[in-house]
Amino acid sequence: QVQLVESGGGTVQPGGSLTLSCAASGGDFSRSAMAWYRQVSGKQRELVAFITGFGTPNYSDAVKGRFSISRDNTQTTVSLQMNSLKPEDTAVYYCNVGTYWSFAYRPGDSWGQGTQVTVSS
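Cut-offs and rules
- Residues numbered from 1 in each chain as written.
- Predicted model: local features only at pLDDT ≥ 70, side-chain atom pairs only at ≥ 80, totals over all residues.
- Heavy atoms only, no water.
- Helix = DSSP H or I, 4+ residues; strand = E, 2+ residues; numbered from the N terminus.
- Buried < 20%, exposed > 50% of the residue type's maximum accessible area, 1.4 Å probe, protein only.
- Contact = heavy atoms within 4.5 Å.
- Areas by Shrake-Rupley, 256 points an atom, 1.4 Å probe, with all protein chains shown as cover.
- Lys, Arg positive; Asp, Glu negative; His and termini not counted.
- Charge placed at Lys NZ, Arg CZ, Asp CG, Glu CD.
- Pairing = 2+ DSSP bridges.
- Disulfide = S-S within 2.5 Å.
- Salt bridge = Lys/Arg side-chain N within 4 Å of Asp/Glu carboxyl O.

Once that is clear, we can look at the overall build of the protein chain. A count of helical and extended segments in the protein chain gives zero helices and 11 strands. Starting at the N terminus and walking to the C terminus, you meet the elements of the protein chain as β-β-β-β-β-β-β-β-β-β-β. Its C-alpha atoms give the protein chain principal-axis dimensions of about 40 × 30 × 25 Å. Going through the 121 residues of the protein chain one by one, you find that 37% of them count as buried. The contacts of the protein chain with a sequence gap of at least 6 include a subset with a gap of at least 24, amounting to 54%. In the form shown here, the protein chain has an accessible surface area of approximately 6,600 Å², with 47% of it arising from carbon and sulfur atoms. Charged side chains of the protein chain number 9 positive and 8 negative; the gap between the two group centres comes to 5 Å.

The next subject is the side chain of Asp89. Mapping Asp89 onto the fold places it in the loop between strand S8 (77–82) and strand S9 (91–101). For Asp89, a relative accessible area of 1% corresponds to the buried category.

Okay, the pairing of strand S7 (residues 67–72) next. Along S7, the buried face is formed by Phe67, Ile69 and Arg71; none of Ser68, Ser70 and Asp72, which line the opposite face, is buried. Pairing of S7 with S8, which is carried by six bridges, proceeds in the antiparallel orientation. Across the sheet, the residue bridging to Arg71 is Val78, located in S8.

Covalently bonding the sulfur atom of one cysteine to the sulfur atom of another cysteine gives a disulfide. This structure, assessed with the given rule, holds one disulfide. Linked covalently through their sulfurs, Cys22 and Cys95 form a disulfide whose S-S length is 1.9 Å. Between Cys22 and Cys95 the sulfur-sulfur dihedral comes to about 45°; the bridge is accordingly right-handed. With Cys22 in strand S3 (residues 18–25) and Cys95 in strand S9, this pair connects stretches of sequence that are 73 residues apart. On the basis of relative accessibility, which here comes to 0%, the residue Cys95 falls in the buried class.

Okay, the environment of Arg66 next. Residue position: Arg66 is located in the loop between strand S6 (57–59) and S7. According to the relative accessible area criterion, Arg66 is buried, its value standing at 11%. Considered as a pair, Arg66 and Ser84 are 18 residues apart in the sequence and their alpha carbons are 6.1 Å apart. The contacts of Arg66, once residues within four sequence positions are left out, are Gln81, Met82, Asn83, Ser84, Leu85, Lys86 and Asp89.

Right, let's get into the environment of Gly114. Topologically, Gly114 is positioned in the loop between strand S10 (104–107) and strand S11 (115–119). On a C-alpha basis, the gap between Gly114 and Ser17 in space is 18 Å, while along the polypeptide they are 97 residues apart. Beyond its immediate chain neighbours, meaning those up to four positions away, Gly114 contacts Glu6, Val92, Tyr93 and Tyr94.

Taken as a whole and judged by the stated rule, the model has four salt bridges. Where Lys64 meets Asp61, a salt bridge forms, and the shortest distance between an N and an O atom there is 3.7 Å. Pair check on accessibility: Lys64 and Asp61 agree, each one exposed. A salt bridge links Asp89 to Arg66; the nearest nitrogen and oxygen atoms lie 2.8 Å apart. With a gap of 23 residues between them, Asp89 in the loop between S8 and S9 and Arg66 in the loop between S6 and S7 connect regions that are remote in the sequence. It is possible to trace a salt-bridge network through shared partners that takes in Arg38, Glu46, Arg66 and Asp89.

This is the structure:
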C-alpha cells in the first residue's frame, strides 16, 4: 500500500513563493513517475506537473515558467517549487505516484490528505 504525505502549504501574497514536499512510502518507486495535482472545492482535480523516472519534468500551461518539480529517486520524495504565485493558484495540492505511458501521466490510486495553498493579499 502506497502512503503519501504532503507538506509545505500555507498562505502567501501574490507574487510570493512556496515550496511543497511529498514523501512516498510503501513501494518501489524507482521506475515510477510522480506528480502534483491541485483541486479547488467543487471542481475537478487537475494535473499541475509531473516528473518521469528519468527525471524529465512536464508542466501544465497554467504553471509553466513559474513552478518547478523535482524528485529524489533514492529518498522517494517529490517537491514543487512555486514562484510568482497568483490568487488562482489557491487550491489543495496533492502528490501522486503513477506511470508515464502513451505520452501522458497515468495517476495511481493512492492520495494523501493534501496541503492547502492560499494566495491572497
